Amino acid sequence: MAVETDRPSWLESPPKRRLRVYAFDPRSSVTLETAVCNDAVIELPWETPWEDALGPGPSNDYIEVVDYDPACGLFYAPVDLNHPNLLAQDGLPQAEGQPQFHQQMVFAVAMKTVRAFERALGRGVIWARPGEPGTGGSYVKRLRIYPHALREANAYYSPDKTALLFGYFKPDDAVGRESEWVFTCLSHDIIAHETAHAILHGLQPRTIDASNPDMLAFHEGFADIVALLQHFTMSEVVEQQIAGSAGSLRARGLLSGIAAQFGHATGRAGALRYALHQIEEEAQGTAPVRTLEDTTEPHDRGQFLVAAIFDAFATIYERRTADLFRLASYRADSGDAPPIELSRRLAREAGQTADQVLRMCVRGLDYLPPVDNSFGEYLRAIVTADADLVPDDPLRYRVAFADAFRKRGIPVPGCISYAPSSLMWAEPDLTGLTHLATENRVTGLMQGALATLKFGITFDDSDSAYGSSKPEMVERRNLREEAIGVIEHNQLALWQWLNALPLSGRAREWEQILGIRMVTDDHPTIALSGTTFAVNTARIARRQGPDGRELHQLIAHITQRRRGYFDSATQEKAEASGSGERAEPPVQDFWFRGGATVIVDLRDGRVRRIIRKRIDDDVRLARQRAFHTGDPLALAFAVRDRTGEPFALVHRQ
């Protein structure tokens, strides 16, 4: 393979690539009070020698922008961000009517979101491949982004295409005015929101299954949280907004709203959604108090999650900045703007707090059950993940989260209180499991499996280690594809190890702690021939806490599916077919899933957490059946193979 020789050895690549974007959206540039802060610059790390170089599109190791406009039948020329004229001026200037700036903006914001996730996860972001997770080839290297895919008021992540599709439209009250086109690909919030959908699907493939009211709402609420907290990474914007709100983050405005231009264009008085809108209305008595049980639409239900996390963020910020207000002798109710020095310090604290809260939210994703999640279980995941990495919590971040969820009335199954110690997932209970209890004391539960896994990229002299997916454009070693290979190797190795367990008491004990069936053939609706269960992911995470403490973990998802039927009598008949000579159960109406998230501490090889949803839980099965038959949207997702695009359907609702 050729080695790059056209650059002198003393000439290093710059550390950052700077790209201009809208801090919010084009509408904020024509509004006097926000125009001063709407032109922003995103700094991205320069491509490393082990990544594919940035090419026209833009296209890099993570993202490929393809600018085809089906409504016009046109391919727009791709922008080349390596052109000297663009490198010299931080990319193209903000231009609402230039497709190449649209390409630049979706790329910059999407990559900024990817990097934020990677810092929190301790590993690279990888996109989910279309199809059933855990069946081999579960990941794809690049996410495609289509800035002008739709001529409609919509934008969505497509799991079937592994792509983000952005729409553009003209508001109803702007007929005849060519300048009133609204491009969703120019909304910072919408880009971050859709990218978060794609990342979440890659991390938790089963989160797109609508098995309970919280599942789709979690996807929408989590994506809003990511978009909101991204606001606070732009220090000049935060400083200007904080100065105008007397240092408060609870005031309605650009910092606490999502997609202002889209909201105005679709007939709303302001942003599409506000983080604290629900709290304000209830406090002022301007709207009836809504409860989680009464709210089913995914975006509306997701706002309970958004309000809880934004409230926790605001509470932590207020606790961190109380001394600054005292030192500056500034009172928020004085009617005066805070001093410029105070505004700058508050903006810095807001940015640091937002980064820490986002990291807590992202790390919590690894501690969720692999299927059928709820908001309360997400709170448990956030608290446990944070405690494992940061045992000491002097500012009571975990208490702020728990209190915010409690105020929203979000139930937490399996907990007697909202105290952080009660919320934490327990370590595996091996009581009565003779074989595994002995094994755990001597060597650890999964020593045999760990011996077959790869814990990083190996370096050898094989030609395959030096390949690139774009050899015609790049002559560099590519390690991202190798990392995907490591994950897929570990998935297969762990699946083979579990399948090789002898048909003995040891295998039956593993069934009990994983919540699946491996050898016990007591449910005809669970096939024990062929691929009886799947290892959806097996990833290595390397994280570092604020005190320098390192945590290396294996995170694995093991899942199984069971035939479910809308009619309970049909379900009972299918389950009864196991007595006597077994008959093949009828074709299912929906899939009911169970399984476990297994977290192994790689410092000593011990299993620290097994977060389980049992496949034989008939009460949970009955709840899922009632959900599918009682909600038209849920029914559509139950037969998603015929639905097409799940997020397109939710967003149009």
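Everything below is about the structure printed above this text.
The rules behind these values
Residues numbered from 1 in each chain as written. Predicted model: local features only at pLDDT ≥ 70, side-chain atom pairs only at ≥ 80, totals over all residues. Heavy atoms only, no water. Helix = DSSP H or I, 4+ residues; strand = E, 2+ residues; numbered from the N terminus. Buried < 20%, exposed > 50% of the residue type's maximum accessible area, 1.4 Å probe, protein only. Contact = heavy atoms within 4.5 Å. Phe/Tyr/Trp six-rings, centres within 6.5 Å; stacked < 30°, edge-to-face > 60°. Lys NZ or Arg CZ within 6 Å of the ring centre and 35° of its normal. Pairing = 2+ DSSP bridges. Polar contact = N/O pair within 3.5 Å; in protein donor to acceptor, adjacent residues only side chain to side chain. Salt bridge = Lys/Arg side-chain N within 4 Å of Asp/Glu carboxyl O. Expected span 1.5 Å × (residues − 1). Axes fitted to C-alpha atoms, helices over the stretch in contact; angles between N-to-C directions. 1 Å grid on protein atoms, 1.4 Å probe; cavity = no way out; pocket = protein on both sides within 12 Å on 5 of 7 lines; lining within 4 Å. Points joined across faces, edges and corners; volume = space filled by probe spheres on them. Nonpolar A, V, L, I, M, F, W, Y, C, P; charged D, E, K, R; others polar. Core = buried A, V, L, I, M, F, W, Y, C linked by side-chain atoms within 4.5 Å.

**Q** Can you tell me about the overall build of the chain, naming the residues and giving the values?
**A** Check the secondary structure of the chain and you find 21 helices and 17 strands. In the chain, which comprises 653 residues, the proportion classed as buried is 56%. Considering only contacts within the chain whose residues lie at least 6 apart along the sequence, 69% involve residues at least 24 apart.

**Q** With reference to specific residues and values, describe the packing of aromatic side chains.
**A** Applying the stated rule across the entire model yields 15 aromatic pairs. Look at Phe310 and Phe313: their rings are 5.5 Å apart centre to centre, the planes differ by 70 degrees, and that puts the pair in the edge-to-face class. Of this pair, Phe310 and Phe313 both sit in helix α9 (residues 298–327), separated by three residues, roughly a single helical turn. Each member of the pair Phe310 and Phe313 is classed as buried. An angle of 50 degrees between the planes, with centres 6.4 Å apart, marks the rings of Trp495 and Phe533 as tilted. Taken together, the positions of Trp495 in helix α16 (residues 480–499) and Phe533 in the loop between α17 (505–514) and β14 (534–544) put the pair 38 residues apart, joining distant regions of the chain. The class of Trp495 is partly exposed, set by a relative accessible area of 24%. The ring of Trp46 is capped by Arg17, whose NZ or CZ atom sits 4.0 Å from the centre of that ring.

**Q** Account for the pairing of strand β9 (residues 155–158), naming residues and giving values.
**A** The alternating pattern of β9 places Ala155 and Tyr157 on one face and Tyr156 and Ser158 on the opposite face, and all of these are buried. Taken together, the four bridges between β9 and strand β10 (residues 163–169) define a ladder with antiparallel strand orientation. In the strand pairing of β10, Ala155 is matched with Phe166. Following β9, the chain reverses through four residues before pairing antiparallel with β10; Thr162 in that reversal takes a positive phi of roughly 45 degrees.

**Q** With reference to specific residues and values, describe the side chain of His299.
**A** Along the chain, His299 falls in helix α9. Overall, His299 belongs to the buried group, its relative accessible area being 12%. A polar contact is formed between the side chain of His299 and the side chain of Glu220, at a distance of 3.1 Å.

**Q** How would you sum up the pattern of salt bridges? Please name residues and give values.
**A** By the definition in use, this model includes 41 salt bridges. The salt bridge partner of Arg250 is Glu318, with a shortest N-O separation of 2.8 Å. Within this pair, whereas Arg250 is found in the loop between α6 (235–244) and β12 (257–258), its partner Glu318 is found in helix α9, the two being separated by 68 residues in sequence. Asp366 serves as the salt-bridge partner of Arg543, at 2.2 Å between the closest nitrogen and oxygen. With a gap of 177 residues between them, Arg543 in strand β14 and Asp366 in the loop between α10 (340–364) and α11 (375–389) connect regions that are remote in the sequence. Among the charged side chains, a network of salt bridges with common partners joins Asp52, Asp61, Lys141, Arg142 and Glu481.

**Q** How would you summarise α11 if you had to cite specific residues and measurements?
**A** If you check α11, its first and last C-alpha atoms are 22 Å apart, about what 15 residues at 1.5 Å a residue would give, namely 21 Å. When you tally the buried positions in α11, you get 15 out of 15 residues, the bulk of the element.

**Q** Can you lay out the sheet that holds strand β17 (residues 606–613) for me, pointing to particular residues and giving the numbers?
**A** In spatial order, the strands read β14-β15-β16-β17; together these four strands make up an open sheet with antiparallel pairing. Looking at which strands have only one partner, the edges of the open sheet turn out to be β14 and β17. Recorded for the sheet is a direction-independent mean angle of 20 degrees between the axes of neighbouring strands. As defined by bridge partners, β14 adjoins strand β15 (residues 550–564) across 10 bridges and the pair is classed as antiparallel. Pairing of Arg542 across the sheet is with His552, part of β15.

**Q** Which residues make up the layout of surface pockets, and what values go with them?
**A** What the largest pocket holds in volume is close to 1,000 Å³. Forming the boundary of the largest pocket are 36 residues, of which Glu377, Pro413, Trp425, Arg612 and Lys613 lie nearest the centre. Looking at the lining of the largest pocket, the elements with two or more residues in it are α5 (213–230), α11, α17, β17 and α19 (618–630). A class-by-class count of the residues in the lining of the largest pocket yields 13 nonpolar, nine polar and 14 charged.

**Q** A description of the nonpolar core should follow, citing residues and the corresponding values.
**A** Core analysis: the biggest nonpolar cluster contains 128 residues, and Phe117, Phe222, Tyr378 and Phe401 have the highest contact counts within it. Counting residues per element, this core draws most heavily on helix α3 (residues 99–121), which supplies 13 residues. Grouped together as the second largest cluster of nonpolar side chains are 33 residues, Ile516, Met518, Val519 and Ala538 included.

**Q** Help me get a handle on empty space enclosed by the protein, residues and values and all.
**A** All told, the structure shown has four cavities of 30 Å³ or more when counted by the stated rule. Of the volumes computed, that of the largest cavity is approximately 90 Å³. Sorting the residues of the lining of the largest cavity by element identifies β2 (39–45) and α3 as the ones contributing at least two each.

The values are spatial; any link to function lies outside them.
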